[in-house]
Amino acid sequence: MEQKVGIGSLCFSEAPFLLESASVVGTKEGQGPLGDLFDVVGGDDKFGQESWEKAESSLQKEALTLAIGKAKIVPEDVRYLFAGDLLGQSMATYFGLKNFQIPMFGLYGACSTCGESIALAAMNVAAGYADIVAAVTSSHFASAEKQFRFPLEYANQRPLSATWTVTGGAAFILAGEKKGKKRGGKVRISGVTTGKVVDFGIKDSMNMGAAMAPAAWDLIFRNFQDFHRSPQDYDLIITGDLGEVGSDILKDLAKEKGFNLNNVHEDCGVKIFDGKKQGTGAGGSGCGCSATTLSAYYLPKLKSGELHRILFVPTGALLSPVSFNEGENVPGIAHGVIFENSEYYEKNQGGCKS
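Now for a look at the structure at hand. (Residues numbered from 1 in each chain as written. Predicted model: local features only at pLDDT ≥ 70, side-chain atom pairs only at ≥ 80, totals over all residues. Heavy atoms only, no water.)

### With respect to the packing of aromatic side chains
Next, step 1: This structure, assessed with the given rule, holds nine aromatic pairs.
Next, step 2: The structure contains a cluster of three or more aromatic residues connected by ring pairs, namely Trp217, Phe221, Phe224 and Phe259.
Next, step 3: Above the face of the Trp52 ring, Lys46 is positioned so that its terminal group lies 5.0 Å from the ring centre. (Phe/Tyr/Trp six-rings, centres within 6.5 Å; stacked < 30°, edge-to-face > 60°. Lys NZ or Arg CZ within 6 Å of the ring centre and 35° of its normal.)

Now the structure itself:
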């Protein structure tokens with residue numbers, strides 16, 4: 001069976017299973033609407049560490065340890081890691097996961113890294129290169145603020161368009177057909193659509209929703225084209241980090257093409273915080289936003305059969321302190337992963353049909 005579809009998508013002939021996942025978040029996330037759903041809520045945002053960066057590394061270590069335990073495997077069963085974060089040279093990842101001694105691919109897709117890591121992990125399993133792999137990512141409000149914006153001590157005022165970087169990490173365990181069925185996997189990854197860099201000329205780094213929304217729509221539209229689908233073919237189309245501002249822009253862009261996303265679109269950045277009560281502006285962002293929300297909120301709905309098929313679209317704003325200070329635009333990128341309830345997938349004889 002041909003697995004390549006359209007101009008940028010794959011439909012797996014043997015869809016990998018997502019066996020288990022785990023989420024670890026900070027105090028603010030634990031106080032939000034999804035607080036009771038996360039596996040671990042830290043007692044403080046340093047997680048017992050000496051620095052914000054070490055705290056972020058501990059998020060990844062704890063999340064992967066929990067996910068491996070929930071999957072009832074040992075680290076030696078995991079052939080490859082696909083992991084990344086927001087820090088320079090992905091140092092939270094390398095320091096956090098080094099002791100597992102699992103062969104690793106370090107990734108950077110900004111806030112879209114969860115989608116990128118799961119997509120590449122699924123491709124690896126579907127191609128037969130590994131039986132079990134893991135995808136891990138994290139972000140931390142304080143370490144991101146220090147790197148991309150201002151030291152916390154500066155106490156700068158944030159515009160209403162700004163999103164709040166989620167302090168959180170999540171890990172996902174994927175398995176191939178044989179091991180996935182043997183372990184009773186209830187969620188499958190039936191396909192992926194790979195994003196491209198989209199630059200609409202946005203220069204405001206405090207309005208990442210506006211920078212990322214065009215990339216999200218470009219990805220969603222190409223997914224519709226590649227799979228010959230429409231919004232009605234998904235129970236939900238879930239973006240990662242657009243927040244309220246970016247979500248409105250996404251719907252406007254879809255409307256211009258004749259698509260109505262109003263009843264099918266949700267955003268992890270909107271779900272994870274109560275903006276008015278928690279003072280988080282337009283919503284959440286960061287690698288940990290989509291990752292923890294997917295793990296704690298959406299995957300259980302897929303496992304139970306409440307959701308049958310979703311398109312998961314984490315989005316990333318591609319900037320660095322250097323690029324921003326040199327006056328460069330803030331382009332965006334998004335990556336799409338199609339998750340399906342296993343029973344639904346089997347009834348439809350694979351995930352390539354509408």
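Further notes follow.
### Regarding the nonpolar core
Nonpolar side chains in soluble globular proteins generally cluster together in the buried interior.
Next, step 1: Counting residues in hydrophobic clusters, the biggest one holds 44 residues, and the most contacted among them are Ile118, Phe172, Leu174, Ile189 and Phe339.
Next, step 2: Among the elements that make up this core, the one with the highest residue count is helix H11 (residues 287-304) (eight residues).
Next, step 3: Discounting residues that sit within four places of it in the chain, Phe339 has contacts with Leu18, Ile118, Val187, Arg188, Ile189, Leu294, Leu299, Leu302, His308, Arg309, Ile310 and Phe312. (Core = buried A, V, L, I, M, F, W, Y, C linked by side-chain atoms within 4.5 Å. Buried < 20%, exposed > 50% of the residue type's maximum accessible area, 1.4 Å probe, protein only. Helix = DSSP H or I, 4+ residues; strand = E, 2+ residues; numbered from the N terminus. Contact = heavy atoms within 4.5 Å.)

### Observations regarding the packing of helix H7 (residues 208-227) against helix H8 (residues 243-256)
If you want to describe how two helices pack, look at the angle between their axes and the distance between the axes.
Next, step 1: In contact at an axis separation of 8 Å, H7 and H8 are set at 40° when each is read in the N-to-C sense. Here H7 is positioned oblique relative to H8, judged by the angle of their axes. Crossing geometry of H7 relative to H8 is assigned as right-handed. On the side of H7, the interface is formed by Gly209, Ala210, Ala213, Pro214, Ala216, Trp217 and Ile220, while H8 contributes Gly246, Ile249, Leu250, Leu253 and Ala254. (Axes fitted to C-alpha atoms, helices over the stretch in contact; angles between N-to-C directions. Parallel < 35°, antiparallel > 145°, perpendicular 65-115°, else oblique. Left-handed = near helix turned anticlockwise from the far one by under 90°.)

### Observations regarding the pairing of strand S3 (residues 17-25)
Next, step 1: With nine of its nine residues buried, S3 lies for the most part within the structure.
Next, step 2: Looking at chain direction, S3 and strand S9 (residues 168-175) are connected through eight bridges and run antiparallel. Residue pairing for S9: Phe17 is matched across the bridge by Ala175.
Next, step 3: Two strands pair when backbone bridges link them, and S3 and strand S4 (residues 40-41) are joined in this way by two bridges, in the parallel orientation. Pairing of Val25 across the sheet is with Val41, part of S4. (Pairing = 2+ DSSP bridges.)

### Overview of the state of the cysteines
Next, step 1: On inspection of all chains with the given rule, the structure shows zero disulfides.
Next, step 2: No disulfide involves Cys111; its sulfur sits 5.5 Å from the nearest other cysteine sulfur, which is in Cys287.
Next, step 3: Free cysteine Cys289: the closest other cysteine sulfur is in Cys268, separated by 5.6 Å.
Next, step 4: Using a relative accessible area of 0% as the deciding quantity, one classes Cys289 as buried. (Disulfide = S-S within 2.5 Å.)

### A short note on the side chain of Arg188
Next, step 1: Tracing the backbone through its elements, the reader meets Arg188 in strand S10 (residues 187-193).
Next, step 2: A polar atom in the side chain of Arg188 sits 2.3 Å from the side chain of Glu177.
Next, step 3: Among the polar contacts listed, one links the side chain of Arg188 to the side chain of Glu346, at a separation of 2.7 Å.
Next, step 4: Dropping the residues within four chain positions of it, Arg188 is found in contact with Glu14, Ala15, Pro16, Phe17, Glu177, Lys181, Ile338, Phe339, Glu340, Ser342, Tyr345 and Glu346. (Polar contact = N/O pair within 3.5 Å; in protein donor to acceptor, adjacent residues only side chain to side chain.)

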